[in-house]
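# A look at the structure
One-letter residues, chain by chain:
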2 protein chains.
Amino acid sequence: MNQDYIIPNPWSIIEEGFDAERVQSSESLFSIGNGAMGQRANFEEDYSGETFQGSYIAGVYYPDKTKVGWWKNGYPEYFAKVLNAPSWIGIGITLDGEKLDLATCKSVNDFKRELNMKEGWYKRSFNAVTKNNVEVAVSVTRFLSIALDELGAIAYSITPKNKAVAIKITPYLDSGITNRDTNWDDKFWETTNVSVQDNTAFIEAHTLKTNFNTCTFMSSTVTKNGQPVSITNSREEEKQAVLEYEFEANANDTILITKYGGYTVSRNHDKSQLIAAAKQTLAAADSIGFEGLLQRQKEEWAKIWEMSDITIEGDVKAQQGIRFNIFQLNQTYLGTDSRLNIGPKGFTGEKYGGSTYWDTEAYCLPFYMTTKNETVARNLLKYRYDHLEKAIENAEKLGFSNGAALYPMVTMNGEECHNEWEITFEEIHRNGAIAFAIYNYYRFTGDYSYIPEMGLEVLIGIARFWHQRANYSTHKNKYMILGVTGPNEYENNVNNNWYTNYLAKWCIDYCLEQIQKVKDGYSEDYQRIIGHTKLTDAELDDWKKVASNMYFPYSETHDVYLQQDGFLDKELMPVTELDKTERPINQKWSWDRILRSPYIKQADVLQGFYFFEDHFTTEQLEKHFDFYEPFTVHESSLSPCVHSIQAAKLGRMEQAYTFYLRTSRLDLDDYNKEVEEGLHITSMAGTWMSIVEGFGGMRVLEDKLNFFPQIPENWEGYSFKVNFRNRIITVKVSKTGSSYQLNGTEEMSIRVNGERVVLKPGETVAV
Amino acid sequence: MNQDYIIPNPWSIIEEGFDAERVQSSESLFSIGNGAMGQRANFEEDYSGETFQGSYIAGVYYPDKTKVGWWKNGYPEYFAKVLNAPSWIGIGITLDGEKLDLATCKSVNDFKRELNMKEGWYKRSFNAVTKNNVEVAVSVTRFLSIALDELGAIAYSITPKNKAVAIKITPYLDSGITNRDTNWDDKFWETTNVSVQDNTAFIEAHTLKTNFNTCTFMSSTVTKNGQPVSITNSREEEKQAVLEYEFEANANDTILITKYGGYTVSRNHDKSQLIAAAKQTLAAADSIGFEGLLQRQKEEWAKIWEMSDITIEGDVKAQQGIRFNIFQLNQTYLGTDSRLNIGPKGFTGEKYGGSTYWDTEAYCLPFYMTTKNETVARNLLKYRYDHLEKAIENAEKLGFSNGAALYPMVTMNGEECHNEWEITFEEIHRNGAIAFAIYNYYRFTGDYSYIPEMGLEVLIGIARFWHQRANYSTHKNKYMILGVTGPNEYENNVNNNWYTNYLAKWCIDYCLEQIQKVKDGYSEDYQRIIGHTKLTDAELDDWKKVASNMYFPYSETHDVYLQQDGFLDKELMPVTELDKTERPINQKWSWDRILRSPYIKQADVLQGFYFFEDHFTTEQLEKHFDFYEPFTVHESSLSPCVHSIQAAKLGRMEQAYTFYLRTSRLDLDDYNKEVEEGLHITSMAGTWMSIVEGFGGMRVLEDKLNFFPQIPENWEGYSFKVNFRNRIITVKVSKTGSSYQLNGTEEMSIRVNGERVVLKPGETVAV
């Protein structure tokens, strides 16, 4: 842990005291979002200290020209950059001619931030003495509306405490923004129109190259002791729209600025209608009012929590951690728009770029599938279906043909963004996670319709890829997959990564099964798909040859599958024997040293055991866990969760809990020393999995929901809800006994610790 | 072959006819150099067409900030760029107010270029009609003096043919130059002083960051029909120094501009003395005169050719090809300055950067060793000795210790420049070539003194590296070298590359031998070295363990050593079955496809068989050649020569000759479609090897010089000289019989086709 200034609280993230050193970390941690947009917790008033300004609109990106040292054929021409958008939050405050700026104030007292996760708002308050000795009390509440998702609202109250002052308040819009993350310092935005109308303002700007048209808008009203203050001036500058309220205030007068703002975007409106749409949103805001909007916000978040909350008794830091994870996931993605996905930093930073990684299928899908309506998970799957053509083109660039699909490592619009050959071209296991997600969706939701409608075509593209990517080794009389990078990115260009080979075989087998199933049950879909894909029996026979003769590296001595060919040739020294000064190895060692070492960045063979748990015995899991975990450095945010789940399955609760802490408070306690760059959004789903699948032991086995509940030593209990096939089960696990409760109208049987439990609607069954 | 406009001629490179499309190719092919500087064959007068301006000073470089997509620990901060230097060749010609510019002339007739390799000069002549209808005949001779290596000379003659004209002649210097190859468009040069004095001019400029101070200088004289023409004006501009001669000339008046120019550099003079040194050089040039300088040039080149020429009878293109290779090698490096080395493009372009690759030791050393005095080869070895400390630092950056040395992949000053992890960190076999060169030098020259004086320390650093780089595999009970790239760069991060493992073992064994030998015979050196390196017997024992238990991948089925672990798992389809549209694969395939294919860029296992020929039987060579050559795409300029030598050794003269043609006319016929970027200098040494070691079969076996002469079908014969242990042997091979002749005073025995032949000084022995 590298910081511990966040005050433990079950429902809020709280910071007390102003520390300029922490500003950028807190800007990340107190970020807010509503799925359609999000922003770092930048100050509304001017701040001349170190800050990382960030305001992001879902799906609005810039194709930044690729930067490499040495070009390789097949590299994408650009990297889709997450874009810092024009800012609408700014409110300049001038007191007796001096700007309010916490970096220059003589003193800042009672500084407090609170991110209220239960109700979805962020509040900041402080007392400050300016350079020119004006004492003020400030309190600001801000939220991005879930109900009206183009809208954000700010209530900024300021009270001079020691004397009468001349106040100037300047709410403004600013499109003169830049990205931190840029390859060539390109200009990303073009401002085309700055317009002020009464107490509203609009800046129209479009992204260069991608031509996303946006209107950033605001309105403001100012009152003094409840009485309206009039606008005294306004300005349309090149990249700013500014309203001005200049007036006198006495000591203890309360001035309240209510500012509404947000974005309308050509993704959702005709580009000629962006200002009109903005005006409509502002009118709606005006008619509902700040308190009304805040009330709706609380209601919307109550709905989200109703289903997704996890309670933990007896461990407030663990409670705060899990809620922070669930809250941020919901701020990032609500599943209402199938064109969107879950970026690794969400709306909290720019790093990594792109919005979609295999994290979505492998880590995020289970969270959304379990805590929301199945349409949300279906939207995540549809996203990939909509990108199938691009995935086929992507595979063609790499020499594949006949409709073979390779989904990109990183994408925003279906095209590959990433440019490291060992990742872009070789970390192909991502294709398997996408197929696995289809299987997992059906297994959990029971909704088969996705497969004949869309999923089967995705599965066929993927199966074709694996069939073509494998090659026959005369020497071993087996099919092999050479030159890959597995989930453990501390190995590059290896042969026969077990996880990849296993997934590849499974993808083909599963696709063959589904072809038969669709043929048998959905003949219209079947005809359409066969027409499209021109699948023949001969092709299927070729697939079968590959799947049934796939090679899996295995050690007889250790009775384990080998992560890849040659793994045993390494110097197999466990991580515990590494000197602490050498850690983390990705900061201390050169890349070749990492590659030839046995050290594992994140679950690789064990990722396969996680996906396909029911293919292996617990003894096999234990053997593999004991073989690989000692070499695992967990230097990926996605690593501890899988290991936590498996440690729990093996009954090693202490180890499971240690992994859980590492994943759940990764950002709050800044384990990776980088929280100022943004939060690790996708790994937050892994945290959720650690409790529900790890401690709670939730599994779907033979079509039934199963639980194997356990409880960490220092907890009193925990609870969570599961939406399984449109039935909601509330699970409460505590030291004094566990209970299961079902909503709905029909009874349902589940299994707890292998025993059949019949749940009747409404009844709480203690087990 | 992609071009064939070069007219075959045994001693000259000739182009006839003006074609703007060929200008940049010819600028490369007609490049001139004298080891200390060099320049592309840019026109002296203005040229507004497509041109690649290039003028280079040996050892003057700029550390260009590294550009990568994704940074890896251990990458160097900069890449030493070969720098385009201020130009001194410019001579503006204005005729009746119109610039002479071949790109805008109404007609250009009788355009001819000749690079006279025998005498070391470059001549260009043409008749042109300008836009304003002035007809002129121009003839320009230019050379860079070998005798005075800071000096170049130009005799530019121009004759108006159709009428009297007003002529303005403006010889100038220009430091407003840029690089084509730059990572960030940095400014590389700072001009500090522009000065004109009478008919001379000087521009002082220094490189940024590296602070190489240079003075670019010139003098000019103009005559009309032999009578001096006076300077009418001169200018000192920001980055130009210009002299002006304005006068009238009648039709058929002959105007001759004699321009001397060149560079004085702070590498060789105190920086305050650069202009003074330039003046001295100009004074020397003046007193010798153009014709006198040209005469000396012919003499110097006669001396070079006396020893290094190869004659070929009956195949003028082959003759032209080999001389072009020998000529360019000598233009690039003459071996008089141990701070310099042999850049892959010499003085003919900017690509690749750096000046030193393993090409020097593996390919160039044999050429210089055999055709020059041994001090030249010794200077090449000393270069690496001088960089030993940097090589140790380089290894430390990658986690090695205790004086282990890793020489850089690409360097200018001993520091690593290159930034691809798979090359920079993993193509470590380069270290072996450096040790091999020490062995090779002693074997050929018989000069052991280098080893106790310098070489042993290099060998120890290298042996320490291999000892640390190998790891013990419990599993196989052998030492292995994991995660490397061999000479075949179409495989990255492989385990147990046979060539690398073999070299590593050999390096340790050879170093141990030399330690013993120095201990026994050079006790003072031994004490100094032990004091330095703190070598202990225990350390040597550890080395021995690694060397004697090294693992070598081997296939029983094929009875061949495997290029690396897992080679047989590939889809082993020979190159001949590849569709032609797929070639060259490095332009047509994505990198992952290349990596998992069996295709070999250049000799890898066979490079080992080339170095260590005497460790293997001819049957073994044949088996390995027949196994690997069919997978070899020869997409490196360094590939055909090794295969030519081995095909010759196997008596496959047709194949050997095909490989020879590909290497010897690589640039003249532009096989790789890139000659406009510069020439492939280092591979030219490979061409020389193809004849001397391939067709001539020259070897050193048991301390004796051996020849196994063969002759390509279409040749009448060929001859070359060899400086073996300070004795010069002239070899003549012809269809009617071969002969060997020795200079000097003592007799010497050699072997021809295994038979002992005694050579008496001066006698020609027919064999």
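Everything numeric here is computed off the predicted structure, so don't read it as measured data.

Before going further, it helps to examine the overall build of chain A. Regarding its fold elements, chain A presents 19 helices and 33 strands. A total of 767 residues make up chain A; the buried ones form 64% of that total. In chain A, the share of contacts with a sequence separation of at least 24, taken over all contacts with a separation of at least 6, comes to 69%. Summed over its atoms, the accessible surface of chain A is roughly 26,500 Å², and 45% of this surface lies on carbon and sulfur atoms. For chain A, the distance from the average site of its 78 positive side-chain charges to the average site of its 106 negative ones is 1 Å.

Let's shift gears to the sheet that holds strand S4 (residues 55-57) of chain B. All names here are of chain B. A sheet is described by the order of its strands in space; here three strands give the open sequence S2-S3-S4, paired in antiparallel fashion. Taken across any chain shown, the strands that pair with only one partner, and hence form the sheet edges, are strand S2 (32-33) and S4. Pairing geometry for strand S3 (residues 37-39) and S4, over three bridges, is antiparallel. By the bridge assignment for S4, glutamine 39 is matched with serine 55.

Turning our eyes to something else, we now look at the UniProt feature "binding site: substrate" (unreviewed entry) in chain A. Residues and elements named next belong to chain A. Mapped onto the present numbering, the UniProt feature "binding site: substrate" (unreviewed entry) falls at Trp358, Asp359, Lys601 and Gln602. Within the secondary structure, tryptophan 358 is located in the loop between helix H3 (316-332) and helix H4 (359-371). Relative accessible area serves as the criterion here: at 4%, tryptophan 358 is assigned to the buried category. If near-sequence neighbours (up to four positions away) are discounted, tryptophan 358 is found in contact with Tyr363, Arg384, Met409, Glu427, His429, Arg430, Ala433, Pro487, Tyr499, Gln602 and Gln607.

When chain A is brought onto chain B, the operation consists of a screw motion whose angular component is 180° and whose axial shift is 0.0 Å, with 0.0 Å RMSD remaining. Such a combination of rotation and displacement between the chain copies is what one expects of a two-fold axis. Closest approach to the rotation axis within chain A is made by the C-alpha atom of Val68(A), at a distance of 2.3 Å. Interface overlap between copies: 100% of the residues of chain A at the interface are likewise at the interface in chain B, consistent with a symmetric, same-surface contact.

Another point: the UniProt feature "domain: Glycoside hydrolase family 65 N-terminal" (unreviewed entry) in chain A. In the UniProt entry, the feature "domain: Glycoside hydrolase family 65 N-terminal" (unreviewed entry) is given for residues 14-267 of chain A. Summarising residues 14-267 of chain A: 3% helix, 53% strand, and an end-to-end C-alpha distance of 36 Å.

Our next topic: the pairing of strand S6 (residues 78-82) of chain A. Residues and elements named next belong to chain A. Among the five residues of S6, five are classified as buried, and the element is accordingly described as predominantly covered. Residue alternation in S6 divides its side chains into two sets, Tyr78, Ala80 and Val82 and Phe79 and Lys81, and both sets are buried. Two elements, strand S5 (residues 61-65) and S6, share five bridges in a ladder whose sense is antiparallel. Among the inter-strand pairings, aspartate 64 is bridged to a residue of S6, identified as phenylalanine 79.

Taken together, the contact between chain A and chain B spans 44 residues of the former and 45 residues of the latter. Both sides together, the interface formed by chain A and chain B hides about 3,900 Å², and carbon and sulfur atoms give 52% of it. Taken as a group, Trp70(A), Asp569(A) and Arg596(A) account for 19% of the area that chain A buries against chain B, more than any other trio of residues on that side. Seen at the junction of chain A and chain B, the total is six salt bridges. A salt bridge links Lys72(A) to Glu422(B), with the nearest nitrogen and oxygen atoms 3.5 Å apart. Viewed at the interface, chain B and chain A are joined by 18 residue pairs in polar contact (both at pLDDT 80 or more). Looking at the side of chain A that touches chain B, the elements that each hand over two or more residues are helix H7 (421-424), strand S22 (471-473), helix H13 (585-588) and helix H14 (591-596) of chain A. The greatest single-element share of the side of chain A that touches chain B, amounting to five residues, is contributed by H14(A).

Next up on the list: the environment of Tyr62(A). Residue and element names in this part refer to chain A. The residue tyrosine 62 is located in strand S5 in this model. For tyrosine 62 and tyrosine 333, which are 271 residues apart along the polypeptide, the C-alpha to C-alpha distance reads 20 Å. Beyond its immediate chain neighbours, meaning those up to four positions away, tyrosine 62 contacts Phe79, Ala80, Lys81, Leu83, Asp186, Lys187, Phe188, Leu208, Lys209 and Thr210. A polar atom in the side chain of tyrosine 62 sits 2.9 Å from the side chain of aspartate 186.

Moving on: the sheet that holds strand S21 (residues 311-313) of chain B. Residue and element names in this part refer to chain B. Strand order across the open sheet formed by five strands is S21-S28-S29-S30-S33, with antiparallel pairing between neighbours. Only two strands of the sheet have a single neighbouring strand rather than two, namely S21 and strand S33 (764-766). Each strand of the sheet is rotated relative to its neighbour by a mean of 20°, with strand direction disregarded. Two elements, S21 and strand S28 (residues 717-724), share three bridges in a ladder whose sense is antiparallel. Note that in S28 the partner of isoleucine 312 across the bridge is tyrosine 718.

Another point: the packing of H4(A) against helix H5 (residues 374-386) of chain A. Residues and elements named next belong to chain A. The interhelical angle for the contact between H4 and H5, taken along N-to-C directions, is 155°, at an axis separation of 8 Å. Accordingly, the angle class assigned to the pair H4 and H5 is roughly antiparallel. Residues Thr360, Glu361, Leu365, Tyr368 and Met369 of H4 form the contact with H5, whose participating residues are Val376, Ala377, Leu380, Leu381 and Arg384. Residues that form the contact of H4 with H5 fall into these classes: seven nonpolar, one polar and two charged.

It is worth spelling out helix H9 (residues 450-469) of chain B at this point. All names here are of chain B. Here H9 spans 27 Å end to end across 20 residues, near enough to the 28 Å set by a 1.5 Å rise per residue. At leucine 456, H9 shows its maximal kink, close to 40°. In terms of burial, H9 is a largely internal element, 17 of the 20 residues being buried.

Inspection of the entire model under this criterion finds 96 salt bridges over all chains. In this structure, Glu98(A) and Lys131(A) form a salt bridge, with 3.8 Å as the shortest nitrogen-oxygen distance. Of the two residues, Glu98(A) sits in strand S8 (residues 98-99) while Lys131(A) sits in the loop between strand S10 (121-129) and strand S11 (135-144), which places them 33 residues apart along the sequence. Overall, the relative accessible area of 48% leaves Lys131(A) in the partly exposed class. For Lys570(B), the salt bridge goes to Glu491(B), with nearest N and O atoms at 2.9 Å. Remark: Glu491(B) occurs in the loop between strand S23 (478-480) and helix H10 (498-521) and Lys570(B) occurs in the loop between strand S25 (560-561) and helix H13 (585-588); sequence separation between them is 79 residues. Judged by relative accessible area, Glu491(B) falls into the buried class, the value being 4%. Members of the salt-bridge network, linked through shared partners, are Glu44(A), Glu45(A), Arg124(A) and Arg142(A).

Attention shifts here to the side chain of Ser26(B). Residues and elements named next belong to chain B. Its location among the elements puts serine 26 in helix H1 (residues 23-29). What makes serine 26 buried here is its relative accessible area of 0%. Side-chain polar atoms of serine 26 contact the side chain of tyrosine 5, separated by 2.6 Å. In contact with serine 26, not counting residues within four places along its chain, are Tyr5, Glu15, Ala41 and Arg113.

Residue and element names in this part refer to chain A. For the pair helix H18 (residues 653-664) and helix H19 (residues 681-695), interaxial distance at closest approach is 9 Å and the crossing angle is 155°. It follows that H18 is roughly antiparallel to H19 by the angle criterion. In this structure, H18 meets H19 at a crossing whose hand is left-handed. Within the contact between the two elements, H18 uses Met653, Ala656, Tyr657, Tyr660, Thr663 and Ser664 and H19 uses Ser683, Gly686, Thr687, Ser690, Ile691 and Phe695. For the contact of H18 with H19, a count of residues per class yields six nonpolar, six polar and no charged.

Residue and element names in this part refer to chain A. With four of its five residues buried, strand S31 (residues 748-752) lies for the most part within the structure. One ladder, built from five bridges, connects S31 with strand S32 (residues 755-759); its direction is antiparallel. Bridge pairing links serine 749 to valine 758 in S32. Following S31, the chain reverses through two residues before pairing antiparallel with S32; asparagine 753 in that reversal takes a positive phi of roughly 50°.

All right, on to the state of the cysteines then. In protein chemistry, a disulfide is the covalent bond that joins the sulfur atoms of two cysteines. Evaluation of the coordinates by the stated rule reveals zero disulfides over all chains. Cys507(A) takes part in no disulfide bond, and the closest cysteine sulfur, belonging to Cys511(A), lies 8.6 Å away. Cys507(A) sits in the buried class, given a relative accessible area of 1%. Residue Cys641(B) stays outside any disulfide, its sulfur separated by 10 Å from that of Cys364(B), the closest cysteine.

Analysis parameters
Residues numbered from 1 in each chain as written. Chains lettered and ligands numbered in written order. Predicted model: local features only at pLDDT ≥ 70, side-chain atom pairs only at ≥ 80, totals over all residues. Heavy atoms only, no water. Helix = DSSP H or I, 4+ residues; strand = E, 2+ residues; numbered from the N terminus. Buried < 20%, exposed > 50% of the residue type's maximum accessible area, 1.4 Å probe, protein only. Contact = heavy atoms within 4.5 Å. Areas by Shrake-Rupley, 256 points an atom, 1.4 Å probe, with all protein chains shown as cover. Lys, Arg positive; Asp, Glu negative; His and termini not counted. Charge placed at Lys NZ, Arg CZ, Asp CG, Glu CD. Pairing = 2+ DSSP bridges. UniProt positions renumbered as here; feature names shortened; annotations may be inferred. Least-squares fit on C-alpha atoms with pLDDT ≥ 70 in both. Buried area = accessible area lost by both parts, 1.4 Å probe. Salt bridge = Lys/Arg side-chain N within 4 Å of Asp/Glu carboxyl O. Polar contact = N/O pair within 3.5 Å; in protein donor to acceptor, adjacent residues only side chain to side chain. Axes fitted to C-alpha atoms, helices over the stretch in contact; angles between N-to-C directions. Parallel < 35°, antiparallel > 145°, perpendicular 65-115°, else oblique. Nonpolar A, V, L, I, M, F, W, Y, C, P; charged D, E, K, R; others polar. Expected span 1.5 Å × (residues − 1). Bend = angle between axes of the 7 residues up to and from the residue. Left-handed = near helix turned anticlockwise from the far one by under 90°. Disulfide = S-S within 2.5 Å.

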